[in-house]
Amino acid sequence: MDRTIAYAISAFIVIFGVGILVAGLSSRSPALWICVAIIPIAIGLLSAFGDY
């Protein structure tokens, strides 16, 4: 049960980052928002597939 919740939280973080990425692509400065979106995507993937 704990592992399922941990994966769900990680997936939510990645989805949040992808949402920033999609919204940032249509903004006036997409390069900035792509850089901002990389942070939660990386954190979510590291927490999902990291060694713990």
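K.L.:
How should I be thinking about the overall build of the protein chain in this particular structure?
P.N.:
On a plain count of helices and strands, the protein chain comes out with two helices and zero strands. On the principal axes, the C-alpha backbone points of the protein chain span a range of 40 × 15 × 10 Å. Of all 52 residues assigned to the protein chain, the portion counted as buried reaches 17%. Counting every atom, the protein chain has about 4000 Å² of accessible surface; 78% of that belongs to carbon and sulfur.

K.L.:
Whenever I open this one, the side chain of Ser10 confuses me. Can you help?
P.N.:
Residue placement: Ser10 occurs in helix H1 (residues 2-25). Within the local environment of Ser10, its side chain forms a polar contact with the backbone oxygen of Ala6, the two atoms lying 3.0 Å apart. Once residues within four sequence positions are removed from consideration, Ser10 is found in contact with Gly44, Ser47 and Ala48.

Conventions we followed
Residues numbered from 1 in each chain as written. Predicted model: local features only at pLDDT ≥ 70, side-chain atom pairs only at ≥ 80, totals over all residues. Heavy atoms only, no water. Helix = DSSP H or I, 4+ residues; strand = E, 2+ residues; numbered from the N terminus. Buried < 20%, exposed > 50% of the residue type's maximum accessible area, 1.4 Å probe, protein only. Areas by Shrake-Rupley, 256 points an atom, 1.4 Å probe, with all protein chains shown as cover. Polar contact = N/O pair within 3.5 Å; in protein donor to acceptor, adjacent residues only side chain to side chain. Contact = heavy atoms within 4.5 Å.

Taken by themselves, the reported measurements are silent on function.
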